[in-house]
Amino acid sequence: MDIPKLSRTERLILELLSGEEMFGLQLVEHSNGALKRGTVYVTLGRMQDKGYVESWTEKPQPGAIGLPRRLYKPTGYGLRVLAAWEAAARALAGPPKLRPA
Amino acid sequence: MMIPGRALHRIAARICCPKTLERVVEPAIADLQKEYTEAAAGGATKRVWTLVRGYLAILEVTVMCAFGVSAATDDDRRAIVRTIAWTFALTAMFVAFLMLPPMIIVDESFSNVFLVGLVPQAVPLAIPLGLTFGIAFGMTRRTPTGAVMRAILACAVLASLVSFATLGWVMPAANQAWRESVARTRGISGSLAKGAAEMTFSELDREVAIAASSGDAMTAGSYAWSFHVRFALATASIVLAGFLFATATRNAASRALVALFACFSYWALLYVGQGLAGTIPAAAGAWLPNIVLGAAALLIAASRSSRLRGSLTAAP
């Protein structure tokens, strides 16, 4: 069985999105510099392909000009992958404690 | 109010697939447009800064999609970035190395600014060398995937365009300016007669016609070789990158040896082609290294592909 892979950037995006749905630019602003404007959309596109996030365009406001913005939220599968990776990270954190003989 | 991003959207629509356009490029443009609308209430500096940041981000997204980097895995992207970083560093090193011989002959009266004039003649040679060894060192312990090869070959095409512009226009002008500066410091005034390396394409073409009409086949062949070799050298980056990918091995040391072999063979064949300029057509002589290494790369790739197919068919 293939274990789903989750890069550090993808994990950060899932963590940010687990609180509320966001636009790409909002993710960049909330990441304190960890996400870059030039790469966040590419990463989000790849995460959609993997099934980690889903997206939809906002409803156009009356009189609005320009393209509709795209909102993102994690899928159930994405949240399960995040939870599994967090559990793995917790389980592997720190060196094993040795009991005295 | 003018909404930014429309021109970029049209460009992206031409080079990205519809799915990438919808999922990756359009959200970036939509966010820029929203941010710009909000910044419109602020000062001109804020608006310009918003535009610059937004356009740079969209350009980055578009370039990544066009080169297939967006489809690559994190490992692939790291390999691409590493290869490009090695290529830049090694190209700079080779430029400095190739500038040493002319620097040795100049004395202290020449300023550092003057030495910059030597850079254009080193760049077209340093770029293919830098890219070849950049691939060898950048692909540490991994076989290049299709996404990596596509991205690096796209970089090789860009490198070839830079080489072509340098060989065609920048190098002749810089060489002539450098020679005239040297002559002036030696007390020689007036303009110097141009050699083949200082001539543009049209000037070389004219010299070929003059030499041919006067029956001087050797001079005509020499100028014709100089004309064609600029096209051949400009595409050396693509040929050498293709050769490295065709012979790809996981072992870093053997990849470095292959890079060394490819570069040495290229320059040796270049001299063989120049020597044969009177015997074979000048164009064939100038393109000899590209033809030989390109054909070798195709043969090796075809042989590897058929071996792989054979082992897959033989598998139980």
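Remember, it's a predicted structure, so these values are computed and weren't measured experimentally.

Draft legend 1. How the structure looks around the packing of aromatic side chains. All names here are of chain B. As enumerated under the stated definition, the model contains 13 aromatic pairs over all chains in all. Here F164 and F201 contribute two aromatic rings whose centre-to-centre distance is 5.5 Å and whose plane-to-plane angle is 25°, an arrangement assigned as stacked. Here F164, found in helix 7 (residues 146–185), pairs with F201, found in helix 8 (residues 201–213); they are 37 residues apart in sequence, far enough to count as distant. The class of F164 is partly exposed, set by a relative accessible area of 24%. Between F201 and F231 the ring centres are 4.9 Å apart and the planes differ by 35°, which places this aromatic pair in the tilted class.

Draft legend 2. The interface of chain B and chain A, seen in detail. The interface of chain B with chain A comprises 26 residues on the first partner and 20 residues on the second. Taking both partners together, chain B and chain A bury about 2,000 Å²; carbon and sulfur atoms supply 56% of that area. Our enumeration of links across chain B and chain A arrives at five salt bridges. Note that D49 of chain A is salt-bridged to R23 of chain B, the shortest N-O span being 2.5 Å. Our count for the chain B to chain A interface comes out at nine residue pairs in polar contact (both at pLDDT 80 or more).

Rules of the game
- Residues numbered from 1 in each chain as written.
- Chains lettered and ligands numbered in written order.
- Predicted model: local features only at pLDDT ≥ 70, side-chain atom pairs only at ≥ 80, totals over all residues.
- Heavy atoms only, no water.
- Phe/Tyr/Trp six-rings, centres within 6.5 Å; stacked < 30°, edge-to-face > 60°.
- Helix = DSSP H or I, 4+ residues; strand = E, 2+ residues; numbered from the N terminus.
- Buried < 20%, exposed > 50% of the residue type's maximum accessible area, 1.4 Å probe, protein only.
- Contact = heavy atoms within 4.5 Å.
- Buried area = accessible area lost by both parts, 1.4 Å probe.
- Salt bridge = Lys/Arg side-chain N within 4 Å of Asp/Glu carboxyl O.
- Polar contact = N/O pair within 3.5 Å; in protein donor to acceptor, adjacent residues only side chain to side chain.

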